[in-house]
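Examining the three-dimensional arrangement
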Amino acid sequence: GAIQIPTVSFNPGEFNTTALAAFGEYIHKVFPTVFRTSFIQHEVVGEYSHLFTVQGSDPSLQPYMLLAHIDVVPAPDQGWEVPPFSGLERDGFIYGRGTLDNKNSVMAILQALELLLIRNYIPRRSFFIALGHDEEVSGAHGAQKISALLQARGVQLAFIVDEGSFILDGFIPSLKKPFAMVSVSEKGSLNLMLEVNKTPGHSSAPPKETSIGILAAAVSRLEQTPMPNMFGSGPLKMTLQQLANEFSFPANVIFNNLWLFWPIVSRLMEREDITNALVRTTTAVTMFNAGIKVNVIPPVAQATVNFRIHPAQTVQEVLKLAKDIVVDDRVQFHVLESFEPLPVSPFDDQALGYQLIRQTIQSVFPEINIVAPGTCIAQTDSRHYTNLTTGIYRFNPVYLQPQDFRSIHGINERISVQAYETQVKFIFEFIQNADTEQRPVSHLHEL
Ligand SMILES: CCCCCCCC/C=C\CCCCCCCC(=O)N[C@@H](Cc1ccccc1)C(=O)O
Ligand SMILES: [Zn+2]
Ligand SMILES: [Zn+2]
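Residues numbered from 1 in each chain as written. Chains lettered and ligands numbered in written order. Predicted model: local features only at pLDDT ≥ 70, side-chain atom pairs only at ≥ 80, totals over all residues. Heavy atoms only, no water.

An unreviewed UniProt entry lists the protein under the name N-fatty-acyl-amino acid synthase/hydrolase PM20D1, from Myotis lucifugus.

Around ligand 1 sit 19 residues in total, of which Glu-135, Glu-136, Arg-308, Gln-379 and His-409 are the nearest. His-409 is positioned with one of its side-chain polar atoms (N or O) 3.3 Å from an oxygen atom of ligand 1. When isolated, ligand 1 has an accessible area of 780 Å², and the protein chains bury 90% of it. Class assignment of the residues belonging to the shell around ligand 1 gives a composition of 10 nonpolar, four polar and five charged. A domain-level breakdown of the shell around ligand 1 finds at least three residues from each of domain 1 (9–170 + 343–433) and domain 2 (187–339). (Near = heavy atom within 4 Å. Polar contact = N/O pair within 3.5 Å; in protein donor to acceptor, adjacent residues only side chain to side chain. Areas by Shrake-Rupley, 256 points an atom, 1.4 Å probe, with all protein chains shown as cover. Nonpolar A, V, L, I, M, F, W, Y, C, P; charged D, E, K, R; others polar. Domains from an automatic or database assignment.)

Quick look at the sheet that holds strand E7 (residues 93–95) now. Read from one edge of the open sheet, three strands run E6-E7-E19, paired in antiparallel fashion. Of all the strands in the sheet, the pair left with one neighbour each is strand E6 (89–90) and strand E19 (414–416). Pairing analysis gives three bridges linking E7 to E19, with the strands arranged antiparallel. The partner of Tyr-95 across the bridge, within E19, is Arg-414. Where helix H13 (residues 417–433) meets the sheet, it contacts E6, E7 and E19, and its direction lies at approximately 75° from that of E19. (Pairing = 2+ DSSP bridges. Helix = DSSP H or I, 4+ residues; strand = E, 2+ residues; numbered from the N terminus. Contact = heavy atoms within 4.5 Å. Axes fitted to C-alpha atoms, helices over the stretch in contact; angles between N-to-C directions.)

Those donors, His-69 (NE2), Asp-101 (OD), Glu-163 (OE) and Glu-163 (OE), are the protein atoms that reach the zinc ion (ligand 2), and they lie 1.9 to 2.4 Å from it. What the four donor atoms of the zinc ion (ligand 2) show is an angle range of 57 to 154° at the metal, which sorts the shape as irregular. Written as a sequence motif, the donor arrangement for the zinc ion (ligand 2) is H-x31-D-x61-E. (Donors = N, O, S within 2.8 Å, 3.2 Å for Na, K, Ca; no water. Tetrahedral: all angles 85-135°; square planar, octahedral: opposite > 155°, others 65-115°.)

Right, let's get into the nonpolar core. Residues Leu-240 and Ile-361 are the most contacted members of the largest nonpolar core, which totals 86 residues. The element that contributes the greatest number of residues to this core is helix H3 (residues 103–118), accounting for nine residues. Composition of this core by domain shows at least three residues from each of domain 1 (9–170 + 343–433) and domain 2 (187–339). Residue contacts for Ile-361: discarding those within four places in its chain leaves Ala-180, Val-182, Pro-366, Ile-368, Val-371, Phe-395 and Phe-426. (Core = buried A, V, L, I, M, F, W, Y, C linked by side-chain atoms within 4.5 Å. Buried < 20%, exposed > 50% of the residue type's maximum accessible area, 1.4 Å probe, protein only.)

Further remarks concern the environment of Gly-201. The topology assignment puts Gly-201 in the loop between strand E12 (188–197) and helix H5 (211–224). For Gly-201, a relative accessible area of 34% translates into the label partly exposed. Here the alpha-carbon distance between Gly-201 and Ile-297, two residues 96 residues apart in the chain, equals 5.1 Å. Aside from chain neighbours lying at most four places away, what touches Gly-201 is Asn-295, Val-296 and Ile-297.

Along its sequence, the protein is organised into domain 1 (9–170 + 343–433) and domain 2 (187–339). Computed from C-alpha atoms alone, the centre-to-centre distance between domain 1 and domain 2 is 30 Å. With 17 residues of domain 1 at the interface, the matching set in domain 2 holds 16 residues. Summing the contributions of domain 1 and of domain 2, the shared interface buries around 1500 Å²; its carbon and sulfur component is 65%. Contact with domain 2 buries area across many residues of domain 1, yet Thr-375, Ile-377 and Gln-379 alone supply 38% of it, more than any other trio. Applying the counting criterion to the domain 1 and domain 2 interface returns zero salt bridges. Taken together, the links from domain 1 to domain 2 amount to three residue pairs in polar contact (both at pLDDT 80 or more). Top element by residues in the side of domain 1 that touches domain 2 is strand E16 (residues 371–376). It accounts for six residues. In terms of residue class, the side of domain 1 that touches domain 2 is built from 10 nonpolar, six polar and one charged. (Buried area = accessible area lost by both parts, 1.4 Å probe. Salt bridge = Lys/Arg side-chain N within 4 Å of Asp/Glu carboxyl O.)

Quick look at the structure:
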């Protein structure tokens, strides 16, 4: 039902408002207990986002927050095995836009809470559920407003759990077993517009270089000159160290001795697009606009480059590196938007959020041996909540293979019915685990 409502975000400020409103009505209908429970306050923020405040019975426990988003990216029918907003189930999988990003989390959080309430569970620790409606276009109207509202109320959170990582299966060649990566940091971004202006004229007597040619050469230099490999800074080294013993010989020796073998490993990571994204700031030329007529020398050429900034770099450093690569003063640089990478959240033994996630993984996925800290290569709504907590964890309790990763924002996005049920179970247990004083002990209810 949730997948059938096309809550598409097209551009900043451009949403399917009819669908967003319908989604609000839908969750009222399918989770009636959540909405009628006296200790749960529901507010609509920024017209279409939802904030639930679940008042716990023990005010001495610091609250936490579960995040998810109800909007999705567009999905033209082409290439899909089933229509993207049909929500059809086939061979045990629910297909559709949002099944992994991120209506699975929206529905699993509310479903788990509904089930706990039906069983008369009263949480001890207060928590918030924030469901943004514009994450896919930067979160300015949803997450940012919820964050400001909670800040104005003086709320400080023990931790936040959002989307942004999974139980990863098959992402590192030679690592046969899946492992859970909990992202403790998030890459930043810089959207840079490069522009070249030239005097227009008749194409029959062209200048040696046109604005298009100059700009094409500039973006090509950017593509051909990767940003520096930052292997060794940020959580990746720790991720690999934790995985070391899962590799077979000789990879286990290599990963156990990164002090010696780091040059080999850092090169290995560069080979695949996804692991490459973990070792450096990436450069993606995403838009190119130029030319007005076939026989007119183009007056202006513009290209947009989307950099995803490694946690060990800053927006200013990347901007300078980009200018140093282009080295052509005919090319103007315009910063359209930027966001610094997020700091690394604590993941030591005392880090409540991280430890709760780890222990719930151990209980719900006993076959998973390794829970490792990592970096989210994309951006999430959680970046708007740094004013409320230093503990931001990005983890979806769902198995993900490389082809599933490509389906996110791509075609044939799907989740198995069993994976969705397990996600509900995870949140059902997580909420109960969060109610224990310090470290989670065995939970009270079985699903
Ligand atoms: C060593 C282990 C290998 C690890 C491989 C990592 C595999 C990656 C796994 C999961 C990543 C999934 C990320 C899903 C979250 C997507 C969120 C998203 O798309 N955000 C948008 C937000 C945005 C930002 C700015 C403007 C508009 C939207 C994004 O980042 O583009
Ligand atoms: Zn998402
Ligand atoms: Zn997305």
